[in-house]
Amino acid sequence: RWPEKVKIKEVGPRDGLQNEKKIIPSDTKIGWIDSLSETGLSYIEVTSFVNPKWIPQLADSLEVAKGIRRNPGVTYAALVPNLKGLEGALEANMDEIAVFMSTSESHNQKNINKSIQDTYPVLHETVKLALQEGKKVRGYLSTVFGCPYEGRVSMDQVMTVCDRLFEMGIDELSLGDTIGVANPRQVEEVLENCLKNFKGANFALHFHDTRGMALANILKALEMGFDTFDSALGGLGGCPYAPGASGNVATDDLVHMLEKMGIDTGIEQDKLLKAGSFLQQKMHSRLPSHQMAVYNAA
Ligand code: HMG
Ligand code: MG
């Protein structure tokens, strides 16, 4: 009933940090990513190549992406919105790139300053060039389970945008609960539709834990055979263009749950918690996850 193995994609250095107001020095980011590289994680989203006016925290993307120590067992990825972003990701020799858009018109507009219709050609040319350059491409779809401006998004709309993204040639699509409004029953409904409409396609789930529902939602997806999840160490994160959005599900909480269930993640929890502790010391603040709280209390 449960998958034997689960693939965890660490998005803390990008999704986690992008919402942090206080600018973190590049060498701290590099040190943190280097420690993440030694935990057994097989995938790390290092940064994003977006307009630094929009996301000042990640203005040092090139420096960070070039400065990290590459572990050959890890895929290093970056988020890009367009060709200019791809240029940066290629210059930094990222292994994989991720493009992104929303299912809802208003979040798409607020986040990337374009209508959904105008976003398709931009992503299409970006994916095309990335593939030509031999890079794997991942897609992110935001507001799948609800939009901060429009509420619930119709299933038709979700399926239409999924279809458009797969047509571009992306290898995997990560379904985002941007503001943490999903519940397990809704997850079941969306994923049933994905299974029906996109047989054999690769999906990942990207839950923010704003309402404490992320692990419950992941459990539902696991039961349905999904085995790839995005998370951020310590529960850092949020989308600055989604008011009230809080952190991603915490990698350490997810690893704890899966390993206790006998599901292999390949990740060493003690090393993960040490990487969390490194960041806490540098940021002079505590990370919000349960496992970090246990670690801090010990
Ligand atoms: P725009 O202003 O419409 O862009 O922004 P433009 O094409 O009109 O260009 C305007 C300026 O931006 C120009 O500079 C460009 O060079 C520059 P200027 O001439 O004014 O000096 N520019 C760039 N600079 C650096 N890197 C680039 C780039 N592109 C253009 N790639 C744009 C459009 C998409 C660039 C902007 O809206 C943007 O950067 N948005 C990013 C927003 C963002 O990063 N949001 C968070 C990530 S998404 C997320 O968190 C959700 C996710 O986690 C899943 C989930 O939880 O749901 C993935
Ligand atoms: Mg996110």
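Above this note sits the structure.
Residues numbered from 1 in each chain as written. Chains lettered and ligands numbered in written order. Predicted model: local features only at pLDDT ≥ 70, side-chain atom pairs only at ≥ 80, totals over all residues.

Draft legend 1. Structural context of the environment of P3. With respect to the helices, strands and loops of the structure, P3 is situated in the segment before β1 (7–10). On a C-alpha basis, the gap between P3 and D227 in space is 6.7 Å, while along the polypeptide they are 224 residues apart. Discounting chain neighbours no more than four positions away, the residues touching P3 are L222, G225, D227 and I263. (Helix = DSSP H or I, 4+ residues; strand = E, 2+ residues; numbered from the N terminus. Contact = placed C-beta atoms within 7 Å.)

Draft legend 2. Seen up close, the pairing of strand β5 (residues 136–142). The buried fraction of β5 is high, at six of seven residues. Sheet topology places strand β4 (residues 96–102) next to β5; seven bridges connect them, and they run parallel. Bridge pairing in β5 places I97 opposite V137. Across four bridges, the pairing between β5 and strand β6 (residues 172–177) is parallel. Looking across to β6, one finds that L141 is bridged to L175. Where the polypeptide runs from β5 across helix α7 (residues 155–167) and back to β6, its parallel neighbour, the crossover connection is right-handed. (Buried ≥ 20, exposed ≤ 12 C-beta atoms within 10 Å, placed from the backbone. Pairing = 2+ DSSP bridges. Right-handed = clockwise from strand over helix to strand, strands pointing away.)

Draft legend 3. Representation of the packing of helix α10 (residues 251–260) against helix α11 (residues 269–283). Where α10 contacts α11, the two axes come as close as 10 Å, and the packing angle between them is 165 degrees. Judged by the angle between their axes, α10 and α11 are roughly antiparallel. Both α10 and α11 take part in a crossing whose hand is left-handed. Touching T251, D252, V255, H256 and E259 of α10 are Q269, L272, L273 and G276, all from α11. Across the contact of α10 with α11, the residue classes tally to three nonpolar, four polar and two charged. (Axes fitted to C-alpha atoms, helices over the stretch in contact; angles between N-to-C directions. Parallel < 35°, antiparallel > 145°, perpendicular 65-115°, else oblique. Left-handed = near helix turned anticlockwise from the far one by under 90°. Nonpolar A, V, L, I, M, F, W, Y, C, P; charged D, E, K, R; others polar.)

Draft legend 4. Inspection of the environment of M283 at higher detail. For M283, the position within the fold is in helix α11. Taking the C-alpha atoms as reference points, M283 and P25, separated by 258 residues in sequence, lie 9.9 Å from one another.

Draft legend 5. Representation of the pairing of strand β7 (residues 203–207) in the model. Most of β7 is tucked away, with four of its five residues classed as buried. In this sheet, β7 lies alongside β6 in parallel orientation, the contact comprising five bridges. Note that in β7 the partner of L173 across the bridge is F203. As for the winding sense of the linkage, the β-α-β connection from β6 through helix α8 (residues 184–197) to β7 is right-handed. As defined by bridge partners, β7 adjoins strand β8 (residues 228–231) across two bridges and the pair is classed as parallel. When the sheet's bridge partners are listed, H206 is paired in β8 with D230. Of the crossover connections in this fold, the one passing from β7 over helix α9 (residues 214–223) to the parallel β8 is right-handed.

Draft legend 6. Here's a closer look at the nonpolar core. Residues V46, A78, I97, L141 and I218 are the most contacted members of the largest nonpolar core, which totals 82 residues. Per-element accounting of this core gives the leading share, five residues, to β4. Counting five residues, the second largest nonpolar core, distinct from the first, contains I179, C239, A242 and A245. (Core = buried A, V, L, I, M, F, W, Y, C linked by C-beta atoms within 7 Å.)

Draft legend 7. Looking closely at the site of ligand 1. In the vicinity of ligand 1 lie 24 residues, with V50, G85, S142, G176 and T178 positioned nearest. If you list the elements that add at least two residues to the shell around ligand 1, you get α4 (83–91), α5 (105–112) and β5. For the shell around ligand 1, the class distribution of residues is 10 nonpolar, 12 polar and two charged. (Near = placed C-beta within 6 Å.)

Draft legend 8. Up close: helix α6 (residues 116–132). For α6, spanning 17 residues, the distance from its first C-alpha to its last is 24 Å, which sits close to the expected 24 Å at 1.5 Å a residue. Every buried residue belonging to α6 is among T119, L123, T126, V127 and A130, and all of these are buried. Around the axis of α6, the buried residues are gathered within 100 degrees of arc, so they sit on the same side. In α6, those exposed residues whose orientation departs by more than 90 degrees from the buried face are Q117, D118, P121 and Q132. A positive phi of about 80 degrees marks G134, the residue just after α6. (Expected span 1.5 Å × (residues − 1). Arc of directions from axis to C-beta.)

Draft legend 9. Just unusual backbone geometry, in detail. A positive phi angle is found at N113, which is not glycine, with a value near 65 degrees. Of note, N113 is situated in the loop between α5 and α6. What makes N113 partly exposed here is the crowd of 13 C-beta atoms within 10 Å.

Draft legend 10. Geometry of α8. Between its first and last C-alpha, α8 extends 20 Å over 14 residues, near the 20 Å set by a 1.5 Å rise per residue. All buried positions along α8 are accounted for by V187, V190, L191 and C194. Each buried residue of α8 sits inside an arc of 95 degrees when the element is viewed along its axis, so together they form one side. Projecting away from the buried face of α8 at angles above 90 degrees are the exposed residues R185, E192 and K196. Structurally, α8 contributes buried residues whose contacts are with α7, β6, β7 and α9.

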